[in-house]
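# Descriptive analysis of the structure
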Amino acid sequence: MWNYTDKVKEHFFNPKNAGALDEANAVGEVGSITCGDALKLMMKVNPDSQVIEDAKFQTFGCGSAIASSSALTEMIIGKTVDEALAVTNRDIAEYLGGLPPEKMHCSVMGAEALRAAIANFKGEEWVDDHEEGELVCKCFGIDAAMIERAVTVNSLTTLEEVTHYTKAGGSCQTCHEKIEEVLEAVLAKTGALAPPKPHAPGTVGLDAIKPLAPKAEAAPAKLTNVQRMQKIMFAIEELRPQIQRDGGDVELVDIDGKDIYVRLTGACSGCSQSAGTMMGVQAKLVEALGEFVRVKPASLLPVGA
Amino acid sequence: MTANTVQLGIYLDNNATTRVDPEVLAEMLPLFTEQFGNPSSMHGFGAAVGGKIEWARKQVQALLGAAHDSEIVFTSGGTESDNTAILSVLEAYPKKKSIVTSVVEHPAVLALCDYLEKKRGYTVHRIGVDNRGNLNLDAYKAALGPDVAIVSIMWANNETGTIFPIEELAQLAKAAGAVFHTDAVQAVGKIPMTLATSAVDMLSLSGHKLHAPKGIGALYVKRGLRFRPMLRGGHQERSRRAGTENAPGIVGLGAAAQLALMHMTDENTRVKALRDKLEQAILAAVPNCFVTGNPANRLPNTCNVAFEYIEGEAILLLLNEAGIAASSGSACTSGSLEPSHVMRAMGVPYTAAHGATRFSLSRETTEEEIDRVIAVVPGIIAKLRSLSPYWSQAGAPKEFAPVYS
């Protein structure tokens, strides 16, 4: 049985704003009965003030899908359309006190329905690209097609690289075998996968003995600021589950050249081991960026920065 | 709170696992305390345990109607039995490169077959079923050929309870020169068996589905069949399954087999009648739902009802809140978005497959419990449908009404 938080249960057993909203002028529908999850979000937006005055939902789905929908309506009522656009799936999950990693797609569905409804209100066309291929990483909602694209475009060769580029497999890790299959299929197609050299029976082939990797001193290709920031964000995202398991959390606050400011929260704040945690974050970032950076607590952020 | 004061509620998920029978537990307990010897040891401590294991083997033999007690190999459970059976045959007949199985098997068979196909180059014929879950016999016959090493078809399906014509399938396999294995994890203890006069070569069973503990099972291997062990090591189980015997588990399984044989009639009369009562009451009170599988030919304890336009996990959560434990063929319970492979194989429409809910009874189920479930289910379904975008105030939308005969 899933380990749902009390907040998820509360919103599932007594959903808020369930049902049809007759005077809706913004409707977003995502998912389908085929994939087992569907959400119809209906909002009444004041055309002058752009404020979402009311919102209701109808959901076909599991407990966390219904809870995510209910939470979403509570979060957006009273917000302007532009304010609501800032609501991410993470916000929905956090509002609920967290969702099991395998259920994060329920919060993604909520965020997508919101965007679809706002697009509908603005008279824009909403493109739902959710169901492109088989969903491989359920935690981050990454499908096979996206992994294939990332592997091809960036010439990726390892599972680790796929995780770095797409986030797929970065959380619960249950999809690692599937990612490897997708990876192998692409590599086989592009011919990047050379067959191992045969060797005499009962012996170990020389190809099995890997030479020591040369010291990495070659200057890595210069990253753009955005790429660099993304790398830092991904690296921290990867670390979070580990830190969360210990009851804490880490959040990126600012990047100032070589100085990266983070905030430790939960059990980590004030923990005697927090310096060690900071060192761990630093090591991870150095590895991810291939350059030396200093990780500092947010409290050291220069005033006025 | 002690274990005795926990409100356990109504347990209708016996195809997932059963409660260990108190009599089974009583038989097992001495194996943890005074009779703790290793049966392989050359002293009295060991000998006492060895004798109990042989007693248990005879009980399992009796339940299966097998000709010899030496045909019973104790394993860790259904998955190990299934894996051992298939791998043993492939190793014993290395020139044959095909496997025949069905699309509705348990993952213990399906996942292994997928692996053998992908990584070891075997050809796997997966026989389909019709919309009532009956095996496509023509496709089955067509798949049998000289290259088939093993046929592995379940006796009864875990989700719908649908029973396959095992004897007929086994004889056809035999005529084609293939070994016939059946995963009978759900069927053992619920329907009578006489393996002594059957064409079945191998059969898997699992203790915890028949009121024995988890972690114990058995593989039936017909005398004379070529066998290659999966676990190699010591000479336990006549070198067919190495590893120190799980003596308490084995004795528990023996006791459970004895009880299952004794209660077989109850299973097929009282339990079956309760199942039918539950099913008919649900069908009468709830619109847009139907029984999946073959209602005329299935396990006496299983009913699987598909509720249209709602999703299984949500049903389970509300049932659980009402103190009722059931199971779902919905994928969201597993974190996947696809409904169960069994529902999909039967072509159950998506509108209903996601809402498939399994109620599986046991000899411990009472009439009061069934009455309570009957009272609660319609309200739960109505509540969830009121939230569903596919269900209008007036009832089921016309365009979705699937035909399912």
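An unreviewed UniProt entry lists chain B under the name Cysteine desulfurase, from Azospirillum brasilense. Per its UniProt entry, chain B bears the Catalytic activity (unreviewed entry) comment "(sulfur carrier)-H + L-cysteine = (sulfur carrier)-SH + L-alanine". UniProt's Sequence similarities (unreviewed entry) comment on chain B is quoted here verbatim: "Belongs to the class-V pyridoxal-phosphate-dependent aminotransferase family. NifS/IscS subfamily."

Named according to an unreviewed UniProt entry, chain A is Nitrogen fixation protein NifU originating from Azospirillum argentinense. Under the UniProt heading Sequence similarities (unreviewed entry), the note attached to chain A is "Belongs to the NifU family."

Here the focus is the overall build of chain A. From N to C terminus, chain A includes ten helices and eight strands. For chain A, the proportion of its 305 residues judged to be buried stands at 39%. The long-range fraction of contacts in chain A, counting pairs at least 24 apart against all pairs at least 6 apart in sequence, stands at 56%. When the accessible surface of chain A is summed, it comes to about 16,400 Å², and 54% of that surface belongs to carbon and sulfur atoms.

This brings us to helix α1 (residues 6–13) of chain A. Taken together, the buried positions of α1 of chain A are Val-8, His-11, Phe-12 and Phe-13 of chain A. Its buried side turned inward, α1 of chain A meets α2 (63–76) and α4 (89–95) of chain A together with α9 (312–321) and α12 (367–387) of chain B.

This part takes up the side chain of Thr-17 of chain B. Residue and element names in this part refer to chain B. Looking at the secondary structure, you find Thr-17 in the loop between β1 (10–11) and α1 (22–28). Polar side-chain contacts of Thr-17 include one of 3.2 Å to the side chain of Lys-214. Setting aside its immediate chain neighbours within four residues, Thr-17 contacts Tyr-11, His-208 and Lys-214.

Residue and element names in this part refer to chain B. Enumeration over the complete set of coordinates arrives at 30 salt bridges over all chains. Asp-21 is the partner of Arg-363 in a salt bridge, and the nearest nitrogen-oxygen pair spans 3.0 Å. Of this pair, Arg-363 sits in the loop between β13 (356–360) and α12 while Asp-21 sits in the loop between β1 and α1, and the two are 342 residues apart along the sequence. Looking at Arg-363, the relative accessible area reads 13%, which means it is buried. Two residues, Lys-277 and Glu-367, come together in a salt bridge whose shortest N-O distance is 2.6 Å. Linking Lys-277 in helix α8 (residues 247–285) with Glu-367 in helix α12, this pair joins segments that are 90 residues apart in sequence. Lys-277 gets classed as partly exposed once you look at its relative accessible area, which sits at 29%.

So, on to the interface of chain A and chain B. The partner chain B presents 26 residues to the 29 residues of chain A that form the contact. Between chain A and chain B lies a buried interface of about 2,400 Å² when both sides are counted; carbon and sulfur atoms form 68% of it. Ranking the residues of chain A by area buried against chain B places Phe-13, Ile-33 and Phe-60 of chain A at the top, with a combined share of 26%. Inspection of the chain A/chain B interface yields two salt bridges. Inspection of the region where chain A meets chain B yields six residue pairs in polar contact (both at pLDDT 80 or more). Residue assignment for the side of chain A that touches chain B shows that the elements contributing at least two residues are α1, β2 (37–45), β3 (52–60) and α2 of chain A.

All names here are of chain B. With 14 residues, helix α4 (residues 107–120) extends 18 Å between its outermost C-alpha atoms, agreeing within 8% with the 20 Å of an ideal straight helix rising 1.5 Å per residue. Three or more residues of α4 are buried, namely Ala-108, Val-109, Leu-110, Leu-112, Cys-113 and Leu-116. Close packing links the buried residues of α4 with α3 (78–92), β3 (98–102), β4 (123–127), β5 (148–152), β6 (179–183) and α10 (341–345).

The rules behind these values
Residues numbered from 1 in each chain as written. Chains lettered and ligands numbered in written order. Predicted model: local features only at pLDDT ≥ 70, side-chain atom pairs only at ≥ 80, totals over all residues. Heavy atoms only, no water. UniProt positions renumbered as here; feature names shortened; annotations may be inferred. Helix = DSSP H or I, 4+ residues; strand = E, 2+ residues; numbered from the N terminus. Buried < 20%, exposed > 50% of the residue type's maximum accessible area, 1.4 Å probe, protein only. Contact = heavy atoms within 4.5 Å. Areas by Shrake-Rupley, 256 points an atom, 1.4 Å probe, with all protein chains shown as cover. Polar contact = N/O pair within 3.5 Å; in protein donor to acceptor, adjacent residues only side chain to side chain. Salt bridge = Lys/Arg side-chain N within 4 Å of Asp/Glu carboxyl O. Buried area = accessible area lost by both parts, 1.4 Å probe. Expected span 1.5 Å × (residues − 1).

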